[in-house]
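Overview (structure and organization)
This is what each chain is made of:
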Amino acid sequence: MRRWVSLIAILTISGIPLQAEGIQQPANEITAEVSQNKEVITYLSRQLFNMILEEQHLSYLMTQIENQEISLKEAAYAWCQMLNEAGIYLPESEGISDPYIGKLVLLGIWQESELNGESLMTSEAWERTYERVLYYQESQQAFTRVDTKKEKTMMAYRQKTATSASYEEIEIGKLTLSNQVLAYGAYTYPLYIFANTSYIDLNTLEALGFTFEKQPQGDVLSFTHGKERANEPVKEKSIAVSLSKEKIYYSTLKTYALKSEHGLFIPLRILEMEFNLKYDTAIIGLEVATKKASYLSYQEGLLYNSSGQPIEVVTTSYYWDGEKTIQEMKRQHLEVGQSIENPSACYVLRGAYYLNTLVNLVETQGESYQDQKLYGQQMESILKAYEKARLAEIKKREEKKQEDNKQSEKITNQEVFPPAPVYATLKVDAKGLKKGEQVEIYREDNGGYTVITQEGKKVTIPRSKLIIPYDQKVTVAPASKVQIETYINTKNIASDTEYLVWTDLYRQTTYVLKGSKNEWLLVKRMICSTGKNLTPTPRGFFTLKNKVPSFGQEKGYSCKNAYGFIGSTYLYHSILYDKTGSYIISGKKELGQKASHGCIRLLPEDSLWLYTNMPKGTKVWIN
């Protein structure tokens with residue numbers, strides 16, 4: 001029964017409380033007023049709420065108001081007002097868009113958080129909430145929810161600090177010297193333009209008679225009359241600027257500033273709080289204004305009602321979440337000395353940074369003021385410039401990171417997969433080459449060698465004219481799957497089949513990959529033996545062409561599963577068997593080292609797998 005008494009209290013209409021002596025107001029009139037104003041919830045003090053709550057004899061109205069509609073948003077706002085709790089925006093991942101529903105969830109009072117804020121409050125939900133609010137008032141601690149996972153999540157949000165997103169000091173553009181100057185007293189002062197807004201530097205303001213005072217919330221700028229003097233103007237016609245992180249206040253107004261190597265610049269229009277600005281083609285005249293009506297005063301980072309009478313204030317608070325601006329407009333009733341609800345805490349849990357508050361409207365009993373120059377300023381043009389510069393900077397950093405990764409990858413790949421040619425030194429001059437010159441041996445050729453000169457030409461040199469180094473036994477760590485795939489996919493290698501065969505001479509390992517150009521995936525690796533230095537395996541790109549079940553019987557041995565990549569001269573095949581193919585006679589112990597006459601030897605099972613699974617036309621890369 002008491003739950004509906006509290007509902008009446010919360011739906012106090014248009015700021016007119018239901019006084020105790022007026023409780024006998026006819027039910028139909030209350031119902032009509034509730035119906036007309038059900039979307040307007042006004043500020044309600046705890047004292048008034050408790051006073052009405054104690055009036056048990058109002059319960060007879062329950063049946064008249066039970067069918068009235070009240071949304072979760074309205075109810076949540078009312079409960080927060082009753083508890084003197086400000087709303088707070090939970091992270092978007094929680095799926096709760098309303099700050100007052102969010103606060104009730106954070107306090108543990110609300111358990112219906114999965115419902116949309118536009119949904120209607122049921123009588124059962126109202127009763128549960130009412131009981132929890134009473135308990136919360138008594139205990140001042142959050143309820144323990146059944147969902148322990150969400151409880152831990154919410155606890156983490158509670159512990160999150162208010163250190164929120166801020167600006168990166170990146171260049172957002174350039175101030176340009178204005179054609180207009182500022183005239184005050186006997187002097188003129190230079191102005192700069194950015195995003196169609198005039199700016200003035202702090203050195204000039206000091207010459208005009210402004211002073212700065214360090215306070216906890218930031219630098220507070222104030223004006224002392226009759227102190228104007230000439231100053232040394234900034235000479236540059238164009239000045240690079242960033243959006244400053246420093247907080248500057250002028251009377252009740254928090255202003256943004258542009259930072260440059262010459263100091264800070266602030267918008268000229270901030271001076272309109274105490275000055276009249278007279279605009280002309282070349283000159284902007286500055287005159288001390290008649291004291292404007294003061295309705296709000298600045299104290300400890302908040303705007304207070306200093307008018308001596310109750311006022312209605314409409315404000316727009318601006319936030320920056322690191323990617324976009326958030327605007328929140330609200331109407332507030334301020335008693336004398338009461339402050340505007342602290343906006344800086346509302347979006348803390350979304351990591352948003354409070355920028356400033358623009359007062360759009362001030363209403364008293366007999367007057368209304370909509371002078372946006374009086375309290376606050378808009379920042380859309382600056383933030384758009386900042387956002388554009390930020391995205392450009394992110395792109396620039398990403399491009400640099402990619403380039404650095406490419407360079408690092410290139411260096412790493414060269415270290416992991418170095419080419420392994422065999423070099424010979426000329427004993428004497430031959431074929432236009434000089435004695436002592438080094439050449440790469442491509443292949444043995446009828447008692448001589450086809451070599452590759454430093455200019456890339458292939459010539460044949462007799463064996464007797466070359467010094468060829470002996471084979472050295474080496475041990476190299478195997479490459480990882482990621483290293484193999486990353487490297488091969490930077491080479492732009494295509495194959496006429498879905499397979500690619502790559503023999504790594506450095507590691508004496510053959511890899512089989514499946515896929516397509518720059519999208520190859522490793523499917524098999526096989527230890528192998530390639531040609532000795534005297535009989536090297538040619539390096540380059542080739543194609544699997546001819547299959548031979550076995551060969552060599554006429555020479556007293558047998559090599560099985562032969563798959564040629566350069567005619568029938570160079571082939572992948574098994575290690576050596578006896579001529580009947582019954583048992584292995586040599587080659588197994590040498591796998592992993594150079595051992596052949598130019599062919600590529602494999603374990604019997606690996607040679608069979610390659611012979612069986614690789615289609616003709618598959619690209620071969622030996623390097």
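The structure contained in this document is the topic of the report that follows. Computed from a predicted model, the values in this text were never measured in an experiment.

**Here's the deal with the packing of aromatic side chains**
Summed over the entire model, instances satisfying the criterion amount to 13 aromatic pairs. On the basis of an interplanar angle of 40° and a centroid distance of 5.7 Å, the ring pair of Tyr487 and Trp502 is categorised as tilted. Taken together, the positions of Tyr487 in helix α11 (residues 481-488) and Trp502 in strand β24 (residues 499-504) put the pair 15 residues apart, joining distant regions of the chain. Judged by relative accessible area, Trp502 falls into the buried class, the value being 2%.

**So, the sheet that holds strand β22 (residues 458-462)**
Pairing in this open sheet of 5 strands is antiparallel, and the strands run β22-β21-β20-β19-β23 from one edge to the other. Pairing within the sheet leaves two strands with one partner each, and these edge strands are β22 and β23 (466-467). In the sheet, strand β20 (residues 438-445) pairs with strand β21 (residues 448-452) via 5 bridges, with the strands oriented antiparallel. Note that in β21 the partner of Glu440 across the bridge is Ile452.

**Overview of the state of the cysteines**
Inspection of the entire model under this criterion finds 0 disulfides. Free cysteine: Cys559, not disulfide-bonded; nearest cysteine sulfur from Cys599 at 7.5 Å. Owing to a relative accessible area of 12%, Cys599 belongs among the buried residues under this scheme.

**Digging into the nonpolar core**
Grouped together as the largest cluster of nonpolar side chains are 24 residues, with contacts concentrated most on Leu182, Leu205, Leu208, Phe210, Ile266 and Leu271. Residue assignment for this core shows that the elements contributing at least two residues are β1 (171-184), β2 (187-194), α9 (202-208), β5 (218-223), β7 (248-250), β10 (263-267), β11 (275-279) and β12 (283-288). The element that contributes the greatest number of residues to this core is α9, accounting for 4 residues. Ignoring sequence-local partners within four residues, the contact set of Ile266 consists of Ser198, Tyr199, Ile200, Leu202, Leu205, Leu221, Ile248, Thr255, Tyr256 and Ala257. Judged by nonpolar contacts, the second largest core, of 23 residues, contains Ile88, Tyr100, Leu106 and Trp110.

**Description of empty space enclosed by the protein**
Under the counting rule described, the total for this entry stands at 5 cavities of 30 Å³ or more. Each pocket or cavity is described by its volume, and for the second largest cavity that value is around 80 Å³. Residue lining of the second largest cavity: 13 residues in total, with Ala420, Val422, Leu505, Pro536 and Thr537 positioned closest to the centre. In the lining of the second largest cavity, the residues fall into 7 nonpolar, 3 polar and 3 charged.

Criteria and cut-off values
Residues numbered from 1 in each chain as written. Predicted model: local features only at pLDDT ≥ 70, side-chain atom pairs only at ≥ 80, totals over all residues. Heavy atoms only, no water. Phe/Tyr/Trp six-rings, centres within 6.5 Å; stacked < 30°, edge-to-face > 60°. Helix = DSSP H or I, 4+ residues; strand = E, 2+ residues; numbered from the N terminus. Buried < 20%, exposed > 50% of the residue type's maximum accessible area, 1.4 Å probe, protein only. Pairing = 2+ DSSP bridges. Disulfide = S-S within 2.5 Å. Core = buried A, V, L, I, M, F, W, Y, C linked by side-chain atoms within 4.5 Å. Contact = heavy atoms within 4.5 Å. 1 Å grid on protein atoms, 1.4 Å probe; cavity = no way out; pocket = protein on both sides within 12 Å on 5 of 7 lines; lining within 4 Å. Points joined across faces, edges and corners; volume = space filled by probe spheres on them. Nonpolar A, V, L, I, M, F, W, Y, C, P; charged D, E, K, R; others polar.

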